[in-house]
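Per-entry structural report
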Amino acid sequence: MAEENENNLTLEEEANSGKKKMMVIIIAAVVVILLAVVGFFMFSGGDESPEQAPAAAAESAPVVEGAALGNAMYVTMPRPFTFNVPGTTRDRLVQIKVQLMVRGDNNHELAKRHIPLIEGTLLKAFSTANADDLATTAGKDAIKAKAVKDVQKAVFDVAGSKIVEEVLFTGFVMQ
């Protein structure tokens with residue numbers, strides 16, 4: 001009988017220690033979650049009001065090559081560029097959908113204002129390509145680089161700033 005009571009006490013102690021271990025694990029998990037939430041709010045910069053945030057970002061954004069480094073914004077060209085390009089065996093029809101990457105609200109508005117100039121410049125740059133070059137990644141990259149350079153020059157001549165940082169192909173079809 002004494003041996004049986006001793007076995008029951010041992011089983012109860014093991015059950016209690018298992019419950020204690022489970023409670024420690026749950027408490028530790030809750031503490032980790034709370035620390036993660038507190039850290040998120042501390043580092044998310046929630047202490048500025050929405051009206052102050054753009055002004056603070058504009059003041060702290062360094063100026064590089066005539067364009068303020070700020071939030072990247074995208075200007076979609078209103079219609080895709082469709083044009084013929086010569087190839088070695090036959091001419092090809094190409095359609096390219098383009099978006100422009102600009103930085104900051106001011107450059108975003110300037111790019112929207114000068115869309116006709118940008119469209120004309122892009123079409124001129126794209127028309128210099130040939131089908132064999134556009135069939136390769138290197139050829140597409142080369143025409144994009146030419147487009148960026150030409151657009152920056154054209155817009156700089158009119159607005160006094162490069163405005164456009166990148167020309168992005170969001171759609172490309174060649175038949």
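Residues numbered from 1 in each chain as written. Predicted model: local features only at pLDDT ≥ 70, side-chain atom pairs only at ≥ 80, totals over all residues. Heavy atoms only, no water.

**Things to note about the overall build of the chain**
Stated precisely, the cut-off is as follows: Only DSSP runs of H or I reaching four residues or more are called helices, and only runs of E reaching two or more are called strands; each is numbered from the N terminus. The classification of residues rests on relative accessible area computed with a 1.4 Å probe and restricted to protein chains. Under 20% of the type maximum is buried, over 50% is exposed, and intermediate values are partly exposed. In what follows, a contact means two residues having at least one pair of non-hydrogen atoms within 4.5 Å. What sets the accessible areas is the Shrake-Rupley method with a 1.4 Å probe; for residues, cover comes only from the shown protein chains.
Summing up its helical and strand segments, the chain has six helices and six strands in all. When the helices and strands of the chain are listed from N to C terminus, the series reads α-α-β-β-β-β-β-α-α-α-α-β. A total of 175 residues make up the chain; the buried ones form 25% of that total. Considering only residue pairs separated by 6 or more positions, the chain has 68% of its internal contacts joining residues 24 or more positions apart. A total accessible area of about 12,000 Å² is found for the chain, and carbon and sulfur atoms account for 60% of it.

**Quick word on the nonpolar core**
Generally speaking, soluble globular proteins have nonpolar side chains that are buried together. The condition that has to hold: Grouping buried Ala, Val, Leu, Ile, Met, Phe, Trp, Tyr and Cys residues that are joined through side-chain atoms within 4.5 Å yields what is termed a nonpolar core.
Counting residues in hydrophobic clusters, the biggest one holds 29 residues, and the most contacted among them are Met77, Val98, Leu100, Ile118, Leu122, Phe126 and Val167. Of all the secondary-structure elements, those providing two or more residues to this core are strand S4 (81-85), strand S5 (92-103), helix H3 (105-113), helix H4 (115-126), helix H5 (131-134), helix H6 (137-159) and strand S6 (164-174).

**Some thoughts on a nonpolar patch on the surface**
For clarity, the threshold we go by: Residues qualify for a patch when their relative accessible area is over 30% and they have no salt bridge, like charges being joined within 9 Å and the nonpolar side chains of Val, Leu, Ile, Met, Phe, Trp and Tyr within 5 Å. Here, a salt bridge means any side-chain nitrogen of Lys or Arg that lies within 4 Å of a carboxyl oxygen of Asp or Glu.
A contiguous nonpolar patch, built from Met22, Met23, Ile25, Ile26, Ile27, Val30, Val31, Leu34 and Leu35 and spanning about 870 Å² of accessible area, is present on the exposed surface. Its place among the elements puts methionine 22 in helix H1 (residues 2-43).

**A closer look at the pattern of salt bridges**
Going through the model one piece at a time under the given rule, you end up with five salt bridges. Linking lysine 112 and glutamate 109 is a salt bridge whose minimum nitrogen-to-oxygen distance equals 4.0 Å. Of this pair, lysine 112 and glutamate 109 both sit in helix H3, three residues apart, which is roughly one turn of that helix. Here glutamate 109 falls in the partly exposed class, since its relative accessible area comes to 43%. The partner of lysine 153 in a salt bridge is aspartate 157, and the shortest N-O contact between them spans 3.2 Å. Placement of the pair is lysine 153 and aspartate 157 together in helix H6, with a separation of four residues, close to one helical turn. Owing to a relative accessible area of 53%, aspartate 157 belongs among the exposed residues under this scheme.

**Some words on the side chain of glutamate 119**
Positionally, glutamate 119 belongs in helix H4. Leaving out residues up to four positions away in the same chain, glutamate 119 has contacts with Met77, Pro78, Arg79 and Phe81.

**Regarding the packing of H4 against H6**
The test is simple: The angle between two axes is taken between their N-to-C directions and runs from 0 to 180 degrees, where each axis is a line fitted to C-alpha atoms and a helix contributes only its stretch in contact. Left-handed describes a crossing whose near helix is turned anticlockwise from the far helix by less than a right angle; the clockwise case is right-handed. For this scheme, ten residues count as nonpolar: Ala, Val, Leu, Ile, Met, Phe, Trp, Tyr, Cys and Pro. Four count as charged, namely Asp, Glu, Lys and Arg, and the remainder, Gly too, count as polar.
The N-to-C vectors of H4 and H6 enclose an angle of 145°; their axes lie 9 Å apart at closest approach. Crossing of H4 over H6 shows right-handed handedness. Residues Leu117, Ile118, Thr121, Leu122, Ala125 and Phe126 of H4 form the contact with H6, whose own contacting residues are Ile143, Lys146, Ala147, Asp150, Val151, Ala154, Val155 and Val158. Tallied by class, the residues present in the contact of H4 with H6 amount to eleven nonpolar, one polar and two charged.

**Comments concerning the packing of aromatic side chains**
Condition: The criterion for an aromatic pair is that two Phe, Tyr or Trp rings (for Trp, the six-membered ring) have centres within 6.5 Å, with stacked assigned to planes under 30 degrees apart, edge-to-face to planes over 60 apart and tilted to the rest. In this scheme, the term charge over a ring applies when either NZ of a lysine or CZ of an arginine sits within 6 Å of the ring centre and within 35 degrees of the ring normal.
Throughout the structure, instances matching the rule amount to four aromatic pairs. Each ring, one from phenylalanine 81 and one from phenylalanine 126, has its centre 5.4 Å from the other, and the planes form 85°; the classification is edge-to-face. On the criterion of sequence distance, the pair formed by phenylalanine 81 in strand S4 and phenylalanine 126 in helix H4 is long-range, its members being 45 residues apart. Note on accessibility: phenylalanine 81 and phenylalanine 126 belong to one class, buried. Feature note: the residues Phe81, Phe83, Phe126, Phe169 and Phe172 constitute an aromatic cluster, connected by ring pairs. Over the ring of phenylalanine 169 we find lysine 144; its NZ or CZ atom is 5.2 Å from the centre of that ring.

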